Amino acid sequence: MPLPEPHIASIGNRHPFLLAFRSARFRFRLRTVSHVELPAEKGSIFHGALGHVLKRQAPLSYRFLYEPTSAEIAPGAALQRDLPRPFALLPPLETTTEFPEGSELSLELTFFGHDIGQLSVCLSALATLGLLGIGRNRGRFEVAEVEAILPDGDPRTVYR
């Protein structure tokens, strides 16, 4: 199934850069295959673990997503330190910390600019992370489904 076209923001007569701003938002539905223990705030653990797997599995994608340079974000831009990352991770928001086998969690990744094509690499990294385990007890999960969230908010399944 082909992926939906990335969202092109329509913001009128503003800065030319913003006229072609691209983003793509995806929801990953995860199903636990063993008991998983996570902290109440899950953002750091998923962000760090995803980065760790990407660094080993896809170093170039890791560099683009976690260590962008000004040339990658805006060709010709002045060298800057601590550039914004071209993605955002919305972790599971429930404060529950215990997930028995068969539980479902979801997280979202939104890619910005030129890095919207990183879906398949991140899907592979999350699948690997699920096999390796996450959290205090290295609980395992599988990626059950991925949905593209369209600009109108409707989901479209792109992986099951």
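Preceding block: the structure.
The following paragraphs examine the structure supplied in this document. (Residues numbered from 1 in each chain as written. Predicted model: local features only at pLDDT ≥ 70, side-chain atom pairs only at ≥ 80, totals over all residues. Heavy atoms only, no water.)

## Digging into the nonpolar core
Right, on to step 1. Among the nonpolar cores identified, the biggest contains 35 residues, and Phe26, Phe28, Leu54 and Leu109 are the most heavily contacted of them.
Right, on to step 2. Among the elements of the structure, β2 (22–32), α2 (43–57), α3 (59–66), β4 (87–90), β6 (104–112), α5 (119–132) and β7 (141–149) are those that each provide at least two residues to this core.
Right, on to step 3. With 6 residues, α5 is the largest single contributor of residues to this core.
Right, on to step 4. Discounting chain neighbours no more than four positions away, the residues touching phenylalanine 26 are Leu107, Glu108, Leu109, Phe111, Leu119, Val146, Glu147, Ala148 and Val158. (Core = buried A, V, L, I, M, F, W, Y, C linked by side-chain atoms within 4.5 Å. Buried < 20%, exposed > 50% of the residue type's maximum accessible area, 1.4 Å probe, protein only. Helix = DSSP H or I, 4+ residues; strand = E, 2+ residues; numbered from the N terminus. Contact = heavy atoms within 4.5 Å.)

## A closer look at the pairing of β7
Right, on to step 1. Taken across its 9 residues, β7 has 8 buried, putting it largely inside the fold.
Right, on to step 2. Taken together, the 8 bridges between β2 and β7 define a ladder with antiparallel strand orientation. Its bridge partner being in β7, phenylalanine 28 is matched across the sheet by valine 146.
Right, on to step 3. Sheet analysis places β7 next to strand β8 (residues 155–159), joined by 4 bridges and oriented antiparallel. Each bridged residue has a counterpart across the sheet, and for alanine 148 the counterpart in β8 is arginine 156.
Right, on to step 4. The antiparallel pairing of β7 with β8 creates a hairpin that spans 5 residues between the two strands, and glycine 153 there sits at a positive phi of about 95°. (Pairing = 2+ DSSP bridges.)

## Remarks on the packing of α2 against α5
Right, on to step 1. Where α2 contacts α5, the axes come no closer than 9 Å and their chain directions differ by 110°. Relative to α5, the element α2 lies roughly perpendicular. Where α2 approaches α5, its residues Ala49, Leu50, Val53, Leu54, Arg56 and Gln57 are matched on the opposing element by Val121, Cys122, Ser124, Ala125, Leu126, Thr128, Leu129 and Leu132.
Right, on to step 2. Its residues placed into classes, the contact of α2 with α5 shows 10 nonpolar, 3 polar and 1 charged. (Axes fitted to C-alpha atoms, helices over the stretch in contact; angles between N-to-C directions. Parallel < 35°, antiparallel > 145°, perpendicular 65-115°, else oblique. Nonpolar A, V, L, I, M, F, W, Y, C, P; charged D, E, K, R; others polar.)

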